[in-house]
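Structural overview
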Amino acid sequence: MTRAIDARFGTDSPSRWLMTVPTSDIDLFADEVLLDPYPYFAELRELGAVVHLPANDVYALTRYDVIRTALGDPETFSSRSIGFNPMVNEALQGTSLASDPPVHAQLRATLTENLSPRALRGLKTQIDAKAEALVGELVAQGSFDAIDALARAFPLEVVADLIGFTGHVRDNMLRWGQAAMQVIGPMNQRTAENFPIAGELYAWCAGVTAEDLAPGSVGRGIFDAEARGDIPPNTAGHIIHQYLGAGVDSTIAAIGNIVALFGRYPEQFDLVRKDRSLVPAAFAEVLRFWPPINTWGRYVAKDVEIDGATVPAGSQAAILLGAGNRDPRHYEDPDAFLVERNPVDHLTFGYGPHGCAGQGLARLEAHAVIEALAAQAQRLVLGEELRVPSNITRSIEKLPVLEVVPA
């Protein structure tokens, strides 16, 4: 007998009645898939709610309801291996990213304490002012590269100030954050090239002390929590690693996507310009339409039936967040970018106990950028965007804004 973990996964039935998991030769980490995954995701969704991918040795979850259910069931879909190679999964042991309840709750509590709505409320004025000033400078210039000048510059400054990074750490945030995401992929050339860089981040986090961080910063507060016994000894560095390793690269990608989509769909930008109450909905739609992270890993801890087929215990699942976000079974006209859609239930921030701990900060930053653009720009005339394949974060490398028509 195989036991279904949720009614949406099927019902208890003799194993001889179960269907075979469909198979596809798609490689999730091939360059062409990483650059434009959505046609491949559509193909996989039509094959089944779960599809075996021999090229990656994973079972890919493709449809919205199945993905959301899996993310809410850590007993079956464990975070002990969120990455797609054994080296990164070993390196991440001890972090809340790669732990399950109840340990996960204890580690996450300190991480989220400084990222709660109450804690972030005091930062809003400061972040809004930084975004307004930076966007004002760029609009006055009339042209700029949206990635270097805005998408990277803004969140790097915000996170550095928040955590208290100084000196060489501040200078290395971008390359460390990018490498930390690349190495979550399979052991391909991108992963191999980035492991030494990610190793610099791991080494620094393993040896960081309170004195290495600016006084009064969130980073200092994490060490205070360790001293009080609120978190296990020697875990402050792991938590600081997550602020930099898990949050920076994805936020950079999201802000780049905001500019790209507003430039590509000027009529949608006009809707936001004319009705600022749409700012949160617009960002939710950016995240649904172009999630910074399309694929994430889970370890299948026990046999599970999904849509009439069994996924065996001990296998690796690939949670296709980007496929779920475009599932026509859940969203009407999912391949259209519509800022009035307000998809508050998108999968980009995950779901369940591992829902993105930094989503409040990401929203604060993105909303500030959207508000500033809507207030100061009437139209963004874009050049050709440049993308390079990346294992985990799908982002734009270069995005020339050729002209800004001021508001």
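Look up a bit, the structure's there.
Below: a short report on this structure. (Residues numbered from 1 in each chain as written. Predicted model: local features only at pLDDT ≥ 70, side-chain atom pairs only at ≥ 80, totals over all residues. Heavy atoms only, no water.)

Another aspect to go through is empty space enclosed by the protein. Under the defined criterion, the tally for this structure stands at three cavities of 30 Å³ or more. Space inside the largest cavity adds up to approximately 780 Å³. Lining the largest cavity are 41 residues, with Ala246, Ser250, Cys356, Ala357 and Gly358 positioned closest to its centre. Breaking the lining of the largest cavity down by element, the ones donating at least two residues are α5 (103-113), α7 (146-163), α11 (236-245), α12 (248-264), α14 (279-289), β5 (295-300) and α16 (359-376). Per-element accounting of the lining of the largest cavity gives the leading share, five residues, to α12. Taken together, the residues of the lining of the largest cavity sort by class into 27 nonpolar, eleven polar and three charged. Of the pockets and cavities examined, the second largest cavity occupies roughly 100 Å³. (1 Å grid on protein atoms, 1.4 Å probe; cavity = no way out; pocket = protein on both sides within 12 Å on 5 of 7 lines; lining within 4 Å. Points joined across faces, edges and corners; volume = space filled by probe spheres on them. Helix = DSSP H or I, 4+ residues; strand = E, 2+ residues; numbered from the N terminus. Nonpolar A, V, L, I, M, F, W, Y, C, P; charged D, E, K, R; others polar.)

As a further point, take the sheet that holds strand β10 (residues 400-406). Reading across from one edge, β4-β10-β9 is the order of the three strands in this open sheet, with antiparallel pairing throughout. Lying at the two open borders of the sheet, with one neighbouring strand each, are β4 (144-145) and β9 (377-382). Taken together, the five bridges between β9 and β10 define a ladder with antiparallel strand orientation. By the bridge assignment for β10, Leu382 is matched with Val401. (Pairing = 2+ DSSP bridges.)

When helix α2 (residues 38-47) is considered as a whole, its buried residues turn out to be Tyr38, Phe41, Leu44 and Arg45. Angular distribution of buried residues about the axis of α2 spans 115°; they occupy a single face of the element. (Buried < 20%, exposed > 50% of the residue type's maximum accessible area, 1.4 Å probe, protein only. Arc of directions from axis to C-beta.)

With that settled, consider the packing of α12 against α14. Between α12 and α14, the shortest axis-to-axis distance is 10 Å and the interhelical angle comes to 100°. One way to sum up the angle between α12 and α14 is to call them roughly perpendicular. For the pair α12 and α14, the contacting residues are Ala254, Asn257, Ile258, Leu261 and Phe262 in the first and Ala282, Phe283, Val286, Leu287 and Phe289 in the second. Of the residues assigned to the contact of α12 with α14, the class counts are nine nonpolar, one polar and no charged. (Axes fitted to C-alpha atoms, helices over the stretch in contact; angles between N-to-C directions. Parallel < 35°, antiparallel > 145°, perpendicular 65-115°, else oblique. Contact = heavy atoms within 4.5 Å.)

Per the stated rule, a full pass over the model turns up ten aromatic pairs. With centroids separated by 5.8 Å and ring planes inclined at 65°, the aromatic side chains of Phe165 and Trp204 adopt a geometry described as edge-to-face. One end of the pair, Phe165, is in the loop between α7 and α8 (167-182); the other, Trp204, is in helix α9 (residues 189-207), and 39 residues separate them in sequence. You can call Trp204 buried: its relative accessible area is 14%. Among the aromatic residues, those joined into a cluster by ring pairs are Tyr265, Phe289, Trp290 and Phe337. Here Arg68 stacks its cationic end above the ring of Tyr351, 3.9 Å away from the centre of that ring. The lysine or arginine in question, Arg80, covers the ring of Tyr299, its NZ or CZ lying 4.1 Å from the ring centre. (Phe/Tyr/Trp six-rings, centres within 6.5 Å; stacked < 30°, edge-to-face > 60°. Lys NZ or Arg CZ within 6 Å of the ring centre and 35° of its normal.)

The next point concerns the layout of surface pockets. Approximately 260 Å³ is the volume attributed to the largest pocket. Lining the largest pocket we find 19 residues, and of these Gln178, Asp249, Ser390, Ser395 and Glu397 sit closest to its centre. In terms of residue count, the dominant contributor to the lining of the largest pocket is α12 (four residues). Considering only residue class, the lining of the largest pocket consists of eight nonpolar, seven polar and four charged. Here the second largest pocket is characterised by a volume of approximately 220 Å³. For the second largest pocket, the lining is made up of 16 residues, of which Cys205, Ala206, Asn234, Gly237 and His238 are closest to its centre. Mapped onto the lining of the second largest pocket, the elements with two or more residues apiece are α9, α10 (218-228) and α11. When residues of the lining of the second largest pocket are assigned to their parent elements, the largest contribution, four residues, is made by α11. Residue composition of the lining of the second largest pocket, grouped by class: eight nonpolar, seven polar and one charged.

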